[in-house]
Amino acid sequence: GENVEQHPSTLSVQEGDSAVIKCTYSDSASNYFPWYKQELGKGPQLIIDIRSNVGEKKDQRIAVTLNKTAKHFSLHITETQPEDSAVYFCAAIRAAGNKLTFGGGTRVLVKP
Amino acid sequence: EAQVTQNPRYLITVTGKKLTVTCSQNMNHEYMSWYRQDPGLGLRQIYYSMNVEVTDKGDVPEGYKVSRKEKRNFPLILESPSPNQTSLYFCASSLAPAWGETQYFGPGTRLLVL
């Protein structure tokens, strides 16, 4: 089955700096890669996703890049703000799959 | 308001005492699933359901049961809880199987088994 590894497990950045979280996956048939943000005391929420037919996707201050050859994808947050402090999860699933496999999570702390 | 609700939000119980965590969604979603979240392990799927009366095991199904008698409800049953089931549990739903469809998560149920 799929295995997703996520690094780093914790990330502390100064407000205004960039944050990068990296994930690697094992199943070459995976072709959909969402990112979820979990704020304290809440359930995860989708913030951005990417499909295997594109290499990069942006939405305001967040972007995701995908390298299918190397089987890794990354989340980039620019101009970080205190409200970006949360736990972020990457995930992967194969086409028409029934099971989303999550990485271990990254706790991001943005220091003012 | 579109949402996934879970009850209870917090639960302390003792080893062996059967418990049920309820999950309900009001979005007419076909797909529902249960996850447990443990530090450093991320979210691991326990069971999922493609539709009414259709359920299947996820990655960590041991010690859990589910049922899907109605489209909106997907309860998680621990017949004989043990301390290693102490965890944070999330129910999620989506329109179709997880590929390409946003999963909507409930607020979580924090379970402590003594």
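In the block above lies the structure referred to throughout.
Every value quoted in this text rests on a predicted model; they were computed, and no experiment measured them.

## Quick look at the state of the cysteines
All names here are of chain B. In this structure the tally under the stated criterion is two disulfides over all chains. Cys-23 shares a disulfide with Cys-91; S-S distance 1.8 Å. Measuring handedness by torsion sign, the sulfur bridge of Cys-23 and Cys-91 sits at about -70 degrees and is left-handed. Taken as a pair, Cys-23 in strand β3 (residues 19–25) and Cys-91 in strand β9 (residues 87–94) lie far apart in primary sequence, 68 residues in all. For Cys-23, a relative accessible area of 2% puts it in the buried group.

## Some words on the pairing of β3(B)
On a regular strand, each side chain points to the face opposite its neighbour's, so the side chains alternate between the two faces of the sheet. All names here are of chain B. For β3, a buried count of five out of seven residues is recorded, marking the element as mostly surrounded by other parts of the structure. Pairing of strand β1 (residues 4–7) with β3 involves four bridges; the strand directions are antiparallel. Bridge pairing in β3 places Val-4 opposite Gln-25. Where β3 and strand β8 (residues 76–78) come together, three bridges link them in antiparallel fashion. Counted as the bridge partner of Thr-20 is Ile-77 from β8.

## Digging into the side chain of Gln45(B)
When you line up the elements, Gln45(B) lands in strand β5 (residues 42–51). Here Gln45(B) falls in the buried class, since its relative accessible area comes to 1%. If sequence neighbours within four positions are ignored, Gln45(B) has contacts with Asn98(A), Lys99(A), Tyr31(B), Ser33(B), Trp34(B), Tyr35(B), Gly58(B), Asp59(B) and Val60(B).

Rules used in this analysis
- Residues numbered from 1 in each chain as written.
- Chains lettered and ligands numbered in written order.
- Predicted model: local features only at pLDDT ≥ 70, side-chain atom pairs only at ≥ 80, totals over all residues.
- Heavy atoms only, no water.
- Disulfide = S-S within 2.5 Å.
- Helix = DSSP H or I, 4+ residues; strand = E, 2+ residues; numbered from the N terminus.
- Buried < 20%, exposed > 50% of the residue type's maximum accessible area, 1.4 Å probe, protein only.
- Pairing = 2+ DSSP bridges.
- Contact = heavy atoms within 4.5 Å.

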